[in-house]
Amino acid sequence: MSTVFKPDESFRDDFTFRNSPQAIRRFPLPFPEDEYMYSVNIEPHLPGPPGSVTEFAIDIDEHYVAECKERAIVLAGEPLRFQALPHMLSAQWDCLELIMESLARDYPAHFSLAKQGNRWHWINRPLQIDQSFTFGDVATLPQPPLEYITRQTPGDWVVMDQRDGDLWAEAGMVTTQADWSLDFDVGMRFNEWHGPVPLAHELHVFDRALKFLLNLRLGAPVRRLNWTMTINPRLDTAPENYPKWGPDRTKVTAQNAGELAHLRVELQALWRLPRSNGIVFSIRCYLIAVQELATIPKWARRVHRVLKNLHPALVDYKGLTRYRDAVVEWLAPHDDGSPTTSGTAPE
Amino acid sequence: MSDGQTIAVEVTGIEQITPLIKHFTLARIGGGALPAFSGGSHIVVVMRGEAGGSPRVHRNPYSLLSPPYELDTYQIAVRRMEESRGGSHFMHDRLQVGSGLEIAHPVNLFALDKIARKHLLIAGGIGITPILAQLEDLHGGAIPYELHYSVRAPEHAAFLARLRAREGDRVRMYYDCDGQLIDFEGLLAKQPLGTHVYVCGPAGMINRVIDTARAGGWSNSHIHWEQFSAPPVGDAFEVYLARARKSVHVLPEQSLLEAIESAGVEVPYLCRGGVCGFCQTRVLEVDGELLHHDHFLSDADKAKCNTIMPCVSRARGKQVVLDL
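Definitions and cut-offs
- Residues numbered from 1 in each chain as written.
- Chains lettered and ligands numbered in written order.
- Predicted model: local features only at pLDDT ≥ 70, side-chain atom pairs only at ≥ 80, totals over all residues.
- Heavy atoms only, no water.
- Helix = DSSP H or I, 4+ residues; strand = E, 2+ residues; numbered from the N terminus.
- Contact = heavy atoms within 4.5 Å.
- Areas by Shrake-Rupley, 256 points an atom, 1.4 Å probe, with all protein chains shown as cover.
- Lys, Arg positive; Asp, Glu negative; His and termini not counted.
- Charge placed at Lys NZ, Arg CZ, Asp CG, Glu CD.
- Pairing = 2+ DSSP bridges.
- Axes fitted to C-alpha atoms, helices over the stretch in contact; angles between N-to-C directions.
- Phe/Tyr/Trp six-rings, centres within 6.5 Å; stacked < 30°, edge-to-face > 60°.
- Buried < 20%, exposed > 50% of the residue type's maximum accessible area, 1.4 Å probe, protein only.
- Lys NZ or Arg CZ within 6 Å of the ring centre and 35° of its normal.
- Domains from an automatic or database assignment.
- Salt bridge = Lys/Arg side-chain N within 4 Å of Asp/Glu carboxyl O.

Student: Quick question: what am I supposed to make of the overall build of chain A here?
Tutor: In terms of helices and strands, chain A carries 13 helices and 10 strands. Overall, the C-alpha framework of chain A stretches about 60 × 45 × 40 Å when taken along its three principal axes. Contacts spanning at least 24 positions in sequence make up 70% of the contacts within chain A whose residues lie at least 6 apart. Carbon and sulfur atoms form 55% of the exposed surface of chain A, whose accessible area is close to 14,400 Å². Distance between charge centroids for chain A: 2 Å, based on 36 positive and 45 negative side chains.

Student: When you look at unusual backbone geometry in this model, what are you seeing that I'm missing?
Tutor: Backbone geometry follows two general trends: most residues other than glycine have a negative phi, and most peptide bonds adopt the trans configuration. Phi is positive for A:Asp164, close to 55 degrees, though the residue is something other than glycine. In this fold, A:Asp164 is placed in the loop between strand E6 (156-163) and strand E7 (166-173). Notably, B:Phe159 is not glycine yet its phi reads approximately 65 degrees, a positive angle. Note on placement: B:Phe159 falls in the loop between strand E9 (145-151) and helix H3 (160-167).

Student: When you look at the sheet that holds strand E4 (residues 119-124) of chain A in this model, what are you seeing that I'm missing?
Tutor: Within a sheet, each strand pairs with its neighbour through backbone hydrogen bonds, oriented either parallel or antiparallel. Residue and element names in this part refer to chain A. The antiparallel open sheet is built from three strands, whose spatial order is E3-E4-E5. This sheet does not close on itself; its edge strands, each paired only once, are strand E3 (111-116) and strand E5 (129-134). When strand polarity is set aside, the average angle formed by the axes of neighbouring strands in this sheet is 10 degrees. In this structure, E4 lies alongside E5, joined through six bridges in antiparallel fashion. When the sheet's bridge partners are listed, Arg119 is paired in E5 with Thr134. Along the sheet, helix H3 (residues 89-106) contacts E3, E4 and E5; its crossing angle with E3, the most-contacted strand, is approximately 120 degrees.

Student: In this structure, what is going on with the packing of aromatic side chains? I would like to understand it.
Tutor: Two descriptors summarise a pair of aromatic rings, namely the distance from one centre to the other and the angle between the planes of the rings. Residue and element names in this part refer to chain A. Scanning the entire structure with this criterion turns up 21 aromatic pairs over all chains. Considering the side-chain rings of Trp120 and Phe135, the 4.4 Å spacing of their centres and the 20 degrees angle between planes classify their relative orientation as stacked. Separated by 15 residues along the polypeptide, Trp120 in strand E4 and Phe135 in the loop between E5 and helix H4 (145-150) bring together distant segments of the chain. Across the pair, Phe135 and Trp120 agree in class, each one buried. Relative to Phe206, the ring of Phe190 has its centre 6.3 Å away and its plane inclined at 70 degrees; by these criteria the two rings are edge-to-face. Separated by 16 residues along the polypeptide, Phe190 in helix H6 (residues 190-193) and Phe206 in helix H7 (residues 205-214) bring together distant segments of the chain. Residue classification places Phe206 among the buried positions, given a relative accessible area of 10%. Through a chain of ring-to-ring contacts, the aromatic side chains of Phe5, Phe56, Tyr64, Tyr107, Phe111 and Trp122 assemble into a single cluster. It is Arg163 that lies over the ring of Trp168; its NZ or CZ is 4.6 Å from the centre.

Student: Just checking my understanding: could you explain the domain arrangement of chain B for this structure?
Tutor: Where the parts come together, the accessible area they lose is often given as the size of the interface. As assigned here, chain B comprises domain 1 (3-108), domain 2 (118-226) and domain 3 (237-322). The C-alpha centroid of domain 3 of chain B is placed 33 Å from the C-alpha centroid of domain 2 of chain B.

Student: Before we go on, may I ask you to explain the pattern of salt bridges in this structure?
Tutor: Pairs can form between side chains of opposite charge whenever their charged atoms are close. All names here are of chain A. Within the structure shown, the criterion is met by 39 salt bridges over all chains. Across the pair Asp161 and Arg163 runs a salt bridge whose closest N-O atoms are separated by 2.7 Å. An identical accessibility class is assigned to Asp161 and Arg163; each is buried. Notably, a salt bridge pairs Asp248 with Arg234, separated by 3.3 Å at the nearest N-O pair. Here Asp248 is found in the loop between helix H8 (242-245) and helix H9 (257-260), whereas its partner Arg234 is found in the loop between strand E8 (222-231) and H8, with 14 residues between them in sequence. For Arg234, a relative accessible area of 13% corresponds to the buried category. When salt bridges that share partners are traced, they join Asp34, Arg302, Arg305 and Asp335 into one network.

This is how it looks when you write it as C-alpha cells:
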C-alpha cells in the first residue's frame, strides 16, 4: 500500500486533521467487546495483517509528516519534552538503531540505512533528510541520538533503565501524550510513574506487568492498546498546558460531540534494548473523531455501549466527566440495540 | 515457543585454555552480525545429542565473554564438569570446528548498574566469563573499576593474558595453591560510597561476598551475583501434567524441565539455572517432597510446596501433579 502523506494537516489552532476512509478502516479500535475494564492485555508484537497498524514494528501512516511537524512545533516552545539522564546514552543509541533498522527494512521507498562498520548513512525521503554519522559518536549528529531519531518517528518514546529489580523512566521524547508529563515523571520507578492510575493497583496490574517486563526478551517485543478521549484532534495534551486545552471539554454538546470528541487510542509497544539492557516503551497515538468512527455501524454501537457503561472511576481518570453524556447522546441514534460480533473488525 | 526464536550458529574455533576449560567461538551460519548484547549476558545453547540410542536435548546457559561491540562472533567458555549430566561433556567431547548449534537470544541477569560510582568485580574460576564482557563495557569509561580474580593455581587462570594486556593493574590475582585468599572484609570495608560489587564464582565465594557486604551495611541494590546452578543429578521420579494429561518420567540425570520438554510440553524459560523465576510452575499436589535447588524462591515460598522451578528443582516420592 503506498501511503499518501498529508503534510499540511494540523493538530492545533484550526485542527485540519482528518482520517481518510482507509485510515478509518485500519483504526485500532481497542474494544473487542461491548464493555471495558483493565487487563494486562499484553501480546507479542508480531506482524499483523497487511495494511493494519501492526503490519510493521513501527507504523508509518498518512499523518506521518504532519505529526513530525507538530513535534517540532512543541519542541521549539518546550525543549524539555525531550530528556535523557546521562547514564542513558547507550540506550539512546539502541533506540536509534531499532528505529532506523525497522523503518529502512519495512518502508524501503521512504527510508534507507547503509552501514560500513560504525559509519552509517541514513536517508528519510518524506522529511528530506540525508545524514551520515558515526554510530556511538554523539558529535556526529545534530541532536542527541534519541532526540534526533524521535523527531522523525511517530509516537512518544520512553526509555527505561533496568536495575534493582525495577524499571526507571530515565529518557524520553513525549509530545503526543494523554495528560502526563515526562518532566514530572523522569527518574521515577515503574509503580511511581503509574501511581495516578485508579483501580489497576488494586488489581495488581502493575505488579504483574513489571514482573513480566523485567524478563522481556531481546527479539521478542510485546504490545498492548490503551485508550482515552480528547476534544479536537489535539496530539499534545500536556498537563503543563492544561489551560490551553482543558476548557475545550466544556464546549461539547450532544449536537457537536461527533465532530469535537475524538477517541484517542495508544498502540503501546515495548522492546528490550540490546547494549543497554534497558526497555523502550513506544506510545503511538491514533485519533479518530466520533463521527468518523460512526461511519462503521458496528463501531458506533460498540463505542456507545462501552461509554455508557464505563466504570465511574475510569470516567474521571480518563477526564471524560464533563462530556461523556454528550457523546453517549450523540451516539445513541446509531445504536439500534442489535448485537455486535466479537472482535474489532469493522464487519 | 519456549526457546523463542533461536539462532543457528556454527563452531568456528575451539581452544583448550586450561586443563578443564575450553573456549568456543560461534558464528551465525551463513554469516552476518549476531544480536548486540550487554556485558553480563548469557545465551542458552541447545545441544541435540543422544543417550542410549534415543535423542537427548541439553539446554545449558553460558555467559558471553566476547566484547559486546564485536558481533561477528560470540565467545563462550565451558568448564568440564566431573559430574556432568551431559551438557559440558557434549561441548567438550562432541563439538568440532564446523559443528552446528542453536542458541537463544542473549539475556542479561547480571547487568552492570549504570549509576554506580565504582564497580568492584570479584571472580572465582570459570566465574570470570560474564565479567570479561562487563570489563569491555567498562573499559575506557569514566567510572573506576577493579577486578579481583581467584583461581586454584596459575594454570587454571583462564584469559589472564588478555586481562593483563587490557586491564593491567586493575586486575589482582589470587592463587589458592600459594595460600592467597581474597580478604573480603578488608576489600569491601575500604570501598567508597556508591560502589557496586559483582561476584561470580563458586557458591561459597558468592555467599561470603553477600554475607560480608550485608554485615558491612551494603544495600542489597549494590550487591550483584550470578550463579547458574547446573540441575543436580538425583533419583528418578514421576510427575503428572494436569492440563496436558501426561505422565512424565524424570531420569536421574535429566532435569524436570528437560523431561517435560521431551514429553512435548513447552515451558517458558530464560536462564535454566534457577535464577530468573521465569519457569515457575504451580504444584497442584505432592505426595512426597519437593527438592528446591533454585535461587529465586524465598525459604518461606519453598516451604509452602505449591510452586517449583523445574529447571533445577526435583521431587522425591510417589506423585507430583503440576499445573501444566
